[in-house]
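Chains, contacts and geometry: an overview
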Amino acid sequence: MRHDNGGDLLVTVLRELGIDTVFGIVSVHNLPLVEAVDRELRFVPVRHEASAVNAADAYGRARGGLGCALTSTGTGAGNAAGSLIEALSAGTSVLHVTGQVESEFLGSGRGFIHETKDQLGMLKAVSAYAASVPDAGQAGRILREAARSALAAPGGPASVEWPIDLQYAAQTDEPVEYATPAPVVPAQGELAAAGALLASARRPLVWAGGGANTARGEVARLLEATGAGLITSNSGRGSVPEDHEQVIGNFATTPAVRALLKDADVLLTIGTHFRSNETADYTLELPAAHIQIDVDAAALGRVHPVTHALHGDAAGTLTALLPHAATAEPGWTDRVGAVRTEVRAILHDDIGPQAAICEAIRAALPREAVVARDVTIPSSSWGNRLLEMYDPKDNVFPRGGGIGQGLGMGIGAALARPDAPTVVIAGDGGLAVHLGELLTLAQERPRLTLIVFNDGGYGVLRNMQDHHSERRSGVDLTTPDFGLLARACGLPYARIAAEEHAGPVLADAIASDGPTLVEVDLGALGPMKNPFTPPVRIPGQ
């Protein structure tokens, strides 16, 4: 098959992949690609390359598939690198297509405009796959290989650099039929041994990470068959809807759940990497009898000792284990339910007036709606725990912990699912990192409610410094008048300054058919009952 240029080829490949929206910034080094996408699909001109990758990442998460970002070469590709690190950390599927200088000058060291030293090496460092298009006959193959890599477990971004002369050239393309890889299944002996341990469990617990999201039905059946409690990592939230009475959720390090883990006789973990912030810097004690399932062989036993390491696809492995499931001892499931209630009640009380906002968001949203969260106190304290999630595709947040990514992610998710509202929870400090995306929000006008919690700085680090030291450094920031800022961008604006404002303000914003900026004035609303400090240890303290 022949295409007039690389842009036409890219559109063909994106259609094969089911992608209808692409995020990026136009440049002299990607112009044929942007022009074709804008003509045939939807091109969203974000204001920073990092946001392009964040938006493409969340587009894929919200749809359960792949997103695509287009950036320029050199500085543009470098700007994208931080968000590629997020996608790599999260194992999410992003196709990143970036420009490159003309083949004639590539690597010559002449200082050709937009050129950087060893761009491909940089992309390899921050991507699960990276390749350069060498000629006009191989671009289609490379794009498809990149997409397959991004979608294959354990996932991660795939980057393709494309010299500009080869983008303008006529393309020859012969699509290849790829066989669907067979699911990874543990050996029968390993399954039998793990099944015997599971059958012996009388006080079982299950821990679901992001790898459990492809086995939602199997996890639910396991809970029903055993009466086990379900702990989740942040990434595993919604693998079983969080209003299920056996779902404890993302509360592993709380005293009540630590006590439950101490008394459990078998723990089955599914696709979780036990991140430091979810295990109190790896000090969390787990039961000695531990069955771990993961499609990533390197994850097995990496953080905690494991009795039976099952390298396999979550759905198939759980299906094989289900016949071995036995009912928990009398009273265990009731205790699970009591712990579930206790940890939520304690957190609800701890966050004081912000509980009204949490409740108002959940009341105003339909059951299936994306909640995108930046790294900020409301997210880290209650947005990642107390605000119920019912589907993993609704749970969008920076798993690598970097601030400033929430709005770009929210825009990508909202455009991926235009029939449902999206809410973004951000802080004033994080929002300032990519304040320009307010203009993208105003231009594209998705159904997105941006809730900005304004405390005049980096509240998480401020609390940390107040707790551990005698002075503050770098945490107090000048913030804009958000009402004037919204008006300058052509965005509707509302303000929450008291608990009683939360319900009506958020109901109106979420019910609208376009974007709204809602400022939560934390100075007026009042402090949390117990200030939130991050779960980070200070050496020597």
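Predicted model only: the values in this text are computed from it and were never measured.

Attention now moves to the overall build of the protein. Tallying secondary structure elements over the protein gives 21 helices and 20 strands in all. In summary, the protein has a C-alpha radius of gyration of 24 Å against a globular reference of 24 Å for 541 residues, a match within 12%. C-alpha atoms of the protein, sized along the principal axes, occupy 70 × 60 × 50 Å. Looking at the protein alone, contacts between residues at least 24 apart form 75% of all its contacts between residues at least 6 apart. Entry remark: accessible area of the protein is about 20900 Å², with carbon and sulfur atoms responsible for 53%. Charge separation in the protein, taken as the distance between the mean sites of 41 positive and 61 negative side-chain charges, equals 2 Å.

Empty space among the atoms becomes visible once a probe the size of a water molecule is rolled across them. Inspection of the entire model under this criterion finds one cavity of 30 Å³ or more. Computed from the structure, the largest cavity encloses a volume of approximately 40 Å³. Residue lining of the largest cavity: Trp 207, Thr 232, Asn 250, Phe 251, Ala 252, Thr 253, Asn 277, Glu 278 and Arg 385, and that is the complete set. Of the residues assigned to the lining of the largest cavity, the class counts are three nonpolar, four polar and two charged.

Let us look at the sheet that holds strand β16 (residues 395-396). Taken together, six strands build an open sheet; the order of strands is β16-β15-β17-β18-β20-β19 and the sheet is parallel. Where the open sheet ends on each side, the last strands, each with one partner, are β16 and β19 (493-496). With six bridges connecting them, strand β18 (residues 448-454) and strand β20 (residues 516-521) associate as parallel partners. Paired with Thr 449 across the two strands is Thr 516, which belongs to β20. In this fold helix α20 (residues 499-511) packs onto β17 (422-427), β18, β19 and β20, with an angle of close to 160° to the strand it touches most, β19.

It is worth spelling out the packing of aromatic side chains at this point. Here the structure, examined in full by the defined rule, presents three aromatic pairs. Where Trp 382 meets Phe 453, the ring centres are 6.1 Å apart and the plane angle is 70°; that geometry is what we call edge-to-face. Of this pair, Trp 382 sits in helix α14 (residues 377-383) while Phe 453 sits in strand β18, and the two are 71 residues apart along the sequence. The buried category is assigned to Trp 382, whose relative accessible area is 0%. Judged by relative accessible area, which is 1%, Phe 453 ranks as buried. Sitting above the plane of the Tyr 390 ring, Arg 367 keeps its charged end 3.8 Å from the centroid.

Mapped onto the elements of the fold, Ala 152 is located in the loop between α6 (139-151) and β7 (158-163). It is 24 Å that separates the C-alpha atoms of Ala 152 and Glu 49, two residues lying 103 residues apart in sequence.

What follows covers the packing of helix α3 (residues 49-63) against helix α15 (residues 406-416). For the pair α3 and α15, the least separation of the axes is 7 Å and the interaxial angle reads 45°. With respect to their mutual orientation, α3 and α15 come out oblique. Judged by the twist between their axes, the crossing of α3 over α15 is right-handed. In this structure, α3 contributes Asn 54, Ala 55, Asp 57, Ala 58, Tyr 59, Arg 61, Ala 62 and Arg 63 to the contact, and α15 contributes Gly 408, Met 409, Gly 412, Ala 413 and Ala 416.

Leu 70, Trp 162 and Leu 450 are the most contacted members of the largest nonpolar core, which totals 76 residues. One finds Trp 207, Ala 256, Leu 286 and Trp 332 within the second-largest nonpolar core, a separate group that totals 54 residues.

Rules of the game
- Residues numbered from 1 in each chain as written.
- Predicted model: local features only at pLDDT ≥ 70, side-chain atom pairs only at ≥ 80, totals over all residues.
- Heavy atoms only, no water.
- Helix = DSSP H or I, 4+ residues; strand = E, 2+ residues; numbered from the N terminus.
- Rg over C-alpha atoms; globule rule 2.2 N^0.38 Å.
- Contact = heavy atoms within 4.5 Å.
- Areas by Shrake-Rupley, 256 points an atom, 1.4 Å probe, with all protein chains shown as cover.
- Lys, Arg positive; Asp, Glu negative; His and termini not counted.
- Charge placed at Lys NZ, Arg CZ, Asp CG, Glu CD.
- 1 Å grid on protein atoms, 1.4 Å probe; cavity = no way out; pocket = protein on both sides within 12 Å on 5 of 7 lines; lining within 4 Å.
- Points joined across faces, edges and corners; volume = space filled by probe spheres on them.
- Nonpolar A, V, L, I, M, F, W, Y, C, P; charged D, E, K, R; others polar.
- Pairing = 2+ DSSP bridges.
- Axes fitted to C-alpha atoms, helices over the stretch in contact; angles between N-to-C directions.
- Phe/Tyr/Trp six-rings, centres within 6.5 Å; stacked < 30°, edge-to-face > 60°.
- Buried < 20%, exposed > 50% of the residue type's maximum accessible area, 1.4 Å probe, protein only.
- Lys NZ or Arg CZ within 6 Å of the ring centre and 35° of its normal.
- Parallel < 35°, antiparallel > 145°, perpendicular 65-115°, else oblique.
- Left-handed = near helix turned anticlockwise from the far one by under 90°.
- Core = buried A, V, L, I, M, F, W, Y, C linked by side-chain atoms within 4.5 Å.

Note that all results are geometric; they support no functional claim without further evidence.
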